[in-house]
2 protein chains.
Amino acid sequence: MSPAPSRQWSLVARPQGEPADGDARLEEVDVPDPGPGEVRVRNTWLSVDPYMRGRMNDARSYVPPFALGEPMTGGAVGVVEVVGDGVEHLSEGDVVLHDRGWRERAVLPADAARVVDADLAPAQAYLGVLGTTGLTAYAGLLDVAQMQEGDVVLVSGAAGAVGSIAGQVARLKGAGAVVGTAGGEDKVRWLLDDAGFTDAADYRGADPGDLLRRLVPDGADVYFDNVGGPTLEAAIPRMRDHGRIALCGAISGYNAESPPPGPRTLGLAIGKRLRLQGFIVTDHLARMREFVPEMAGWVRDGDVVYRETVTEGVESTYDAFRGVLTGANTGKMLVRIDPDV
Amino acid sequence: MSPAPSRQWSLVARPQGEPADGDARLEEVDVPDPGPGEVRVRNTWLSVDPYMRGRMNDARSYVPPFALGEPMTGGAVGVVEVVGDGVEHLSEGDVVLHDRGWRERAVLPADAARVVDADLAPAQAYLGVLGTTGLTAYAGLLDVAQMQEGDVVLVSGAAGAVGSIAGQVARLKGAGAVVGTAGGEDKVRWLLDDAGFTDAADYRGADPGDLLRRLVPDGADVYFDNVGGPTLEAAIPRMRDHGRIALCGAISGYNAESPPPGPRTLGLAIGKRLRLQGFIVTDHLARMREFVPEMAGWVRDGDVVYRETVTEGVESTYDAFRGVLTGANTGKMLVRIDPDV
């Protein structure tokens, strides 16, 4: 046992608008041996997620901002390579889920690492469909939007990691119809041909109002909103009375330099008795216990399909993250780190 | 028994922006005797309410638009003066609540008139504190916003008919603090000196963000929104995590010629896990049974105070209505019709 080399991404400047090349830096460091109660993990998969954009700002939010000059954090899976004194529940070679992403190696408290069942699904699925990404879709749809059987469900960002799962869960839970918006014809084809959406359309270049009038001519009961912005503005008039909007993300505005306009249609929420409910997945972790076996069963039986967009090597992490903000991904955006690194 | 003269307000043009003089017309008509199952009522009090502005537009909403060339409708109380054949539960002289306002006399189905208990409160209170106005405040606060004991409650339009009741119900139900915004120093004084608000401020000429930072420095759990617009935009950042916003009205935009901007701050609803819930009182009429005795007790004991702004004569109705849209009223805006007319 001795210190091991690692590369890690630090935030060095707070982005103004789109994250620029110079806002983050890949650094080479030596990661020490774990102390008592700690383990050292060699990461094999890193998660990049839209919410990380908010952490780059110096703004109080539900997760604290990334500190300047410090390595960034985020979901990761890896292999335990050194176990510190007094750690009993982890062993060398265990595959674990933890939050020290954006790097090749990490030392962390053993309590902060959770062993995943790699027999149930590939390890990286715990960053996506079987992890908080999937739970976001599941809890957002069932607990926040309180989808009922027969509901017409509209999903934006429908080919994204969360949206694609939300739509499929809606179908499996008896939605009357599941329609989605996505950026690009290939994503739309995937939603229709593989993910079992009732209908889907490319929002790019389309008038949002026209698009949604065509997708949900008779209105929607549930809108699972991943994008905010003009799509949310257009969705509100399409909602049926007593409709429910789960505010999951607003990716259309994450790179905006000033707050984007709000929906001019919000006043309609009164007469339509709409409920708009913001949520974050960490309030719903108690659902994990039901969620994981149910979702694992759906995945095993082919009822839920998922896609991954994978980049290679820790050095690709920042670009992968920037890509997720512009829709470069279909499904979950992941960084694979060669386990032989 | 013979036809009786009446004057009534008809909508003759759909207002663009502020209702203009020529958009409504006072007409003289003869009201016939009631047919079988009908009564003729001589109105004594008419209600004018902000929601009526929406009915002047030709837009599908929770209530159908007023028809052009037809007399407008709205809450009224009056005295039964002629009873048609077969009507058993109403007698001449009964004081009834009904929806044929905007006029001096009306013939209506007896089933559409409800006798009010004029011993419990003055008849016009059934258009305000003891009627759907009061119920809007009560149900919006308790059922929609689900106010809990200890909550900090913010009310906009706080000196209006609904807002002033919402704030007082909040206090009586154990709010930790009740603060309000209103238009004018006299209204603010009334909220502080008579209505028992913890704090209140004049929104006119103030920056909404500064105003609310001062009123709720540690944030609010509940926002009872009667005004929408810039105040709603400023309230969202002041909400505490898991805060609830009851969307009751958006009077700031009712006279707008195009949809006013939405709140640029809406994206904060995600991280704060806010719930914004639109509602209309007619979904909550089942609450009337508990509401009326509870509110009547509060009024009797002086725990709830209310104010009325009264104009005289049916000819004043249109101006009274226009005044309610610009805040000419404190408390309930009413038109009194001389019972000797």
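Residues numbered from 1 in each chain as written. Chains lettered and ligands numbered in written order. Predicted model: local features only at pLDDT ≥ 70, side-chain atom pairs only at ≥ 80, totals over all residues. Heavy atoms only, no water.

Peer 1: Break down the relation of the copies chain A and chain B for me, citing the residues and quoting the values.
Peer 2: The transform that puts chain A on chain B rotates by 180 degrees and translates by 0.0 Å along the axis, for an RMSD of 0.0 Å. Each copy turns onto its partner about a two-fold axis. Closest approach to the rotation axis among the C-alpha atoms of chain A is made by A:Gly262, whose C-alpha sits 1.9 Å away. When the interface residues of chain A are mapped onto chain B, 100% of them again lie at the interface, so the same face is used by both copies. (Least-squares fit on C-alpha atoms with pLDDT ≥ 70 in both. Contact = heavy atoms within 4.5 Å.)

Peer 1: Help me get a handle on helix α8 (residues 288–300) of chain A, residues and values and all.
Peer 2: Residue and element names in this part refer to chain A. For α8, which comprises 13 residues, the first-to-last C-alpha distance of 18 Å matches the rise-based estimate of 18 Å (1.5 Å per residue) to within 8%. Of the positions making up α8, those classed as buried are Met 288, Phe 291, Val 292, Met 295, Ala 296, Gly 297 and Trp 298. In this fold, the buried residues of α8 make contact with α2 (132–144) and α3 (161–172). Taken from the residues just after α8, Gly 302 is the one with a positive phi, measuring 80 degrees. (Helix = DSSP H or I, 4+ residues; strand = E, 2+ residues; numbered from the N terminus. Expected span 1.5 Å × (residues − 1). Buried < 20%, exposed > 50% of the residue type's maximum accessible area, 1.4 Å probe, protein only.)

Peer 1: Now, about the UniProt feature "domain: Enoyl reductase (ER)" (unreviewed entry) in chain A: what can you tell me, with residues and values included?
Peer 2: In this structure's numbering, the residues bearing the UniProt feature "domain: Enoyl reductase (ER)" (unreviewed entry) are residues 22–335 of chain A. Each end of residues 22–335 of chain A is marked by a C-alpha atom, and these two atoms are 20 Å apart; helix forms 26% of the span and strand 25%. (UniProt positions renumbered as here; feature names shortened; annotations may be inferred.)

Peer 1: Account for the interface of chain A and chain B, with residues named and values stated.
Peer 2: At the interface, 28 residues of chain A touch 28 residues of chain B. Interface of chain A and chain B: buried area, both sides summed, is about 2100 Å²; carbon and sulfur atoms make up 63% of it. Note that B:Asp283 and A:Arg273 form a salt bridge whose closest N and O atoms lie 2.7 Å from each other. Ranked by residue count, the leading element in the side of chain A that touches chain B is strand β13 (residues 275–278) of chain A, at 4 residues. Looking at the side of chain A that touches chain B residue by residue, the class counts come to 16 nonpolar, 6 polar and 6 charged. Alignment of β13(A) against strand β13 (residues 275–278) of chain B, held across 3 bridges, turns out to be antiparallel. Bridging from a neighbouring strand, A:Leu276 pairs with B:Leu276 of β13(B). (Buried area = accessible area lost by both parts, 1.4 Å probe. Salt bridge = Lys/Arg side-chain N within 4 Å of Asp/Glu carboxyl O. Nonpolar A, V, L, I, M, F, W, Y, C, P; charged D, E, K, R; others polar. Pairing = 2+ DSSP bridges.)

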